[in-house]
Amino acid sequence: MGSAALQPNWQDMLTDDVLTEYVTNGVIFLPQALHPEWLMLIELGMIRVMDNTAQTKHRFFQGQPGEFIETVRNFDVTPEIQRLLYDSPIADMLGAVIGSDNVWLYSEEFFIKEGGNCARTPWHQDMPYWPLEGSQLGSMWITLDKLPKAETLEFVRGSHRQTRYDGFDPGAVNEDPTRPFYGVDMPPLPDIEAERDKWDIVSWDITPGDVVIFHPGLLHGGGPTSEGRRRRTITVRCYGDDVVYAERPPSRPTVPLTPGLSLALKPGDPLRHPYYPRLRPLPENQRAI
Ligand SMILES: O=C(O)CCC(=O)C(=O)O
């Protein structure tokens, strides 16, 4: 039997109930939705990115025992990530969940917690860091390692429909994981970790092949890792037709950096720019000939 016969049938997983759950809760868990071949491609891409000294590696909790690595927008220089995003069903799944036949890549981002005892990724929403607004938004969180739910990505159910908080300042996580990123226009993040029982927190045990799709307006935070645990993940962030360019406070750059974007687009323009490649329909130059 060829490996094609083993391809998970993700279409059957996206029932009306599951799609409604995404709208209501802002997050869905899809068990065994990705074939191991795609996980292999992610691992090869991650190895290339880690070896690529030209790609910036951000170190959260730098120099502390809990240090871990984050690196964003590796698509342009990483053939494995390009093949993954053009050829795998990831963009199809995200398109189906957000209800858009056209799917653009906003960015992809690795979070690499190696060696055990890595710190939490602080609670935050992604939207404040992104220069866009709209409703057709979805991110897929994929991990290469088997993880208990306390060490995966955690979410506050339904929070994408509530307050939009400021981001946290990645450079200040050692002192205060809620310190505002922009410091204007948005309320500071609450200290969710200090009062976990006040929030409707959800997460899942993960076996490689499982994926979580979440709305970037949802409050989420990454669990710490226990002794000896590896946790190598990629998040793929996509959007659909109704997403438009929006300004963020000029006090800080957005994530990832997109110099020139604000000169090319005005607020309210459809978010179309070479920074954001279209994944679906598959561009002509990515088709087999
Ligand atoms: O995996 C993590 O710990 C953090 C992931 C995250 O914050 C994201 O994908 O937006």
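To be clear, the structure that these remarks concern was listed above.
Overview of the structure.

Definitions and limits used
- Residues numbered from 1 in each chain as written.
- Predicted model: local features only at pLDDT ≥ 70, side-chain atom pairs only at ≥ 80, totals over all residues.
- Near = placed C-beta within 6 Å.
- Helix = DSSP H or I, 4+ residues; strand = E, 2+ residues; numbered from the N terminus.
- Nonpolar A, V, L, I, M, F, W, Y, C, P; charged D, E, K, R; others polar.
- Pairing = 2+ DSSP bridges.
- Buried ≥ 20, exposed ≤ 12 C-beta atoms within 10 Å, placed from the backbone.
- Contact = placed C-beta atoms within 7 Å.

With respect to spatial proximity, the complete set of residues near the ligand consists of E109, F111, T121, D126, S139, W141, L153, H220, G222, T233 and T235. Every element with two or more residues in the shell around the ligand is listed here: β4 (103-113), β7 (137-143), β11 (220-222) and β12 (231-239). Of the residues belonging to the shell around the ligand, the class tally is three nonpolar, six polar and two charged.

Once that is clear, we can look at the pairing of strand β3 (residues 68-72). Sheet analysis places strand β2 (residues 58-60) next to β3, joined by three bridges and oriented antiparallel. The residue of β3 that forms the bridge with R59 is I69. With four bridges joining them, β3 and β4 adopt antiparallel strand pairing. Counterpart to E70 in the pairing with β4 is F111.

Moving on, we get to the environment of I28. Inspection of the secondary structure assignment puts I28 in strand β1 (residues 27-30). Its 21 C-beta neighbours within 10 Å are what place I28 among the buried residues. C-alpha of I28 to C-alpha of P253: the two residues are 225 residues apart in sequence and 30 Å apart in space. Residue contacts for I28: discarding those within four places in its chain leaves V18, E21, Y22 and I213.

Each strand in a sheet pairs with another by means of backbone hydrogen bonds, the pair being arranged parallel or else antiparallel. Read across the open sheet, the four strands follow the order β5-β11-β8-β9; overall the sheet is antiparallel. The two strands at the open ends of the sheet, each matched to only one other strand, are β5 (121-124) and β9 (201-202). Bridge count between β5 and β11: two bridges; the pairing is antiparallel. Each bridged residue has a counterpart across the sheet, and for T121 the counterpart in β11 is G222.

Before going further, it helps to examine unusual backbone geometry. Put simply, V255 and P256 share a cis peptide bond, and its omega is -5°. Mapped onto the elements of the fold, P256 is located in the loop between β13 (244-245) and α6 (261-264). Along the chain, R280 connects to P281 via a cis peptide bond; the corresponding omega equals -10°. Locating P281 in the fold gives a position in the segment after β14 (278-280). You will see that N117, though not glycine, has its phi angle at about 55°, which is positive. Within the secondary structure layout, N117 lies in the loop between β4 and β5.

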